[in-house]
Amino acid sequence: MGAFRRKFVITCVVVAFLAVSALAKRVSPKPVAPVISAGIRYSAEGDGRDQYVVAADASTGKVLWRVKVFHTHIKFWVEEDVQWVFITNLKISDNSLFVRDEKSRCYSVDLTRKHVKKQQCGSIFSQ
């Protein structure tokens, strides 16, 4: 009876793991509206691990520069796609592009130096 009980427990654990894995698939991220300022179109791009802001000429579409905003460290023991984090909002103010991600973390990109800085969201995206 001990062998049967062990097989039953192992089977239950495997079934529970498979059920959780099947539910773990994430939906595609919502598209992020690009912002245009001074003839430059700023858009979000990335694969869930690395997220970028891309600046392109608004009339030609030619990419001017691309800067990494953040990287998501993936834990190998957790399903990868449920760990991905994407950019959700972009907003321009003065000479900075403000970026918010799915975890409500905010960053600013200095548009002159292309320098990224993590910061508090404050009221940037509530307006």
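Refer to the structure presented above.
Residues numbered from 1 in each chain as written. Predicted model: local features only at pLDDT ≥ 70, side-chain atom pairs only at ≥ 80, totals over all residues. Heavy atoms only, no water.

Peer 1: Explain the overall build of the chain to me, please; I cannot follow it from the model alone.
Peer 2: A count of helical and extended segments in the chain gives one helix and eight strands. In the chain, the succession of α and β elements from N to C terminus is α-β-β-β-β-β-β-β-β. In the chain, which comprises 127 residues, the share counted as buried stands at 29%. Expressed as a percentage of contacts within the chain between residues at least 6 apart in sequence, the contacts between residues at least 24 apart total 35%. If you sum the accessible surface of the chain, you get close to 8,800 Å²; carbon and sulfur atoms cover 58% of it. (Helix = DSSP H or I, 4+ residues; strand = E, 2+ residues; numbered from the N terminus. Buried < 20%, exposed > 50% of the residue type's maximum accessible area, 1.4 Å probe, protein only. Contact = heavy atoms within 4.5 Å. Areas by Shrake-Rupley, 256 points an atom, 1.4 Å probe, with all protein chains shown as cover.)

Peer 1: Would you explain the nonpolar core in this entry?
Peer 2: Nonpolar side chains in soluble globular proteins tend to end up buried together. Counting 17 residues, the largest nonpolar core has Tyr42, Val53, Trp65, Val69, Leu90, Leu97 and Val99 as its most contacted members. Going through the elements one at a time, strand 3 (50-57), strand 4 (63-71), strand 5 (87-93), strand 6 (96-101) and strand 7 (106-110) are the ones with two or more residues in this core. When near neighbours in sequence (up to four residues on either side) are disregarded, valine 53 contacts Tyr42, Ser43, Trp65, Arg66, Val67, Val69, Leu90, Leu97 and Val99. One finds Cys106, Cys121, Ile124 and Phe125 within the second-largest nonpolar core, a separate group that totals five residues. (Core = buried A, V, L, I, M, F, W, Y, C linked by side-chain atoms within 4.5 Å.)

Peer 1: Which parts of the structure should I look at to understand the packing of aromatic side chains?
Peer 2: Here a ring pair, both rings aromatic, is described through the centre-centre distance and the interplanar angle of the planes. One pass over the full model with this rule turns up four aromatic pairs. Ring geometry for phenylalanine 70 and tyrosine 107: centres 5.3 Å apart, planes at 15°, overall stacked. One end of the pair, phenylalanine 70, is in strand 4; the other, tyrosine 107, is in strand 7, with 37 residues separating them in the sequence. Classification of phenylalanine 70 as buried rests on a relative accessible area of 6%. Between phenylalanine 76 and tryptophan 77, the ring centres sit 5.0 Å apart and the planes meet at 90°, which makes this aromatic pair edge-to-face. (Phe/Tyr/Trp six-rings, centres within 6.5 Å; stacked < 30°, edge-to-face > 60°.)

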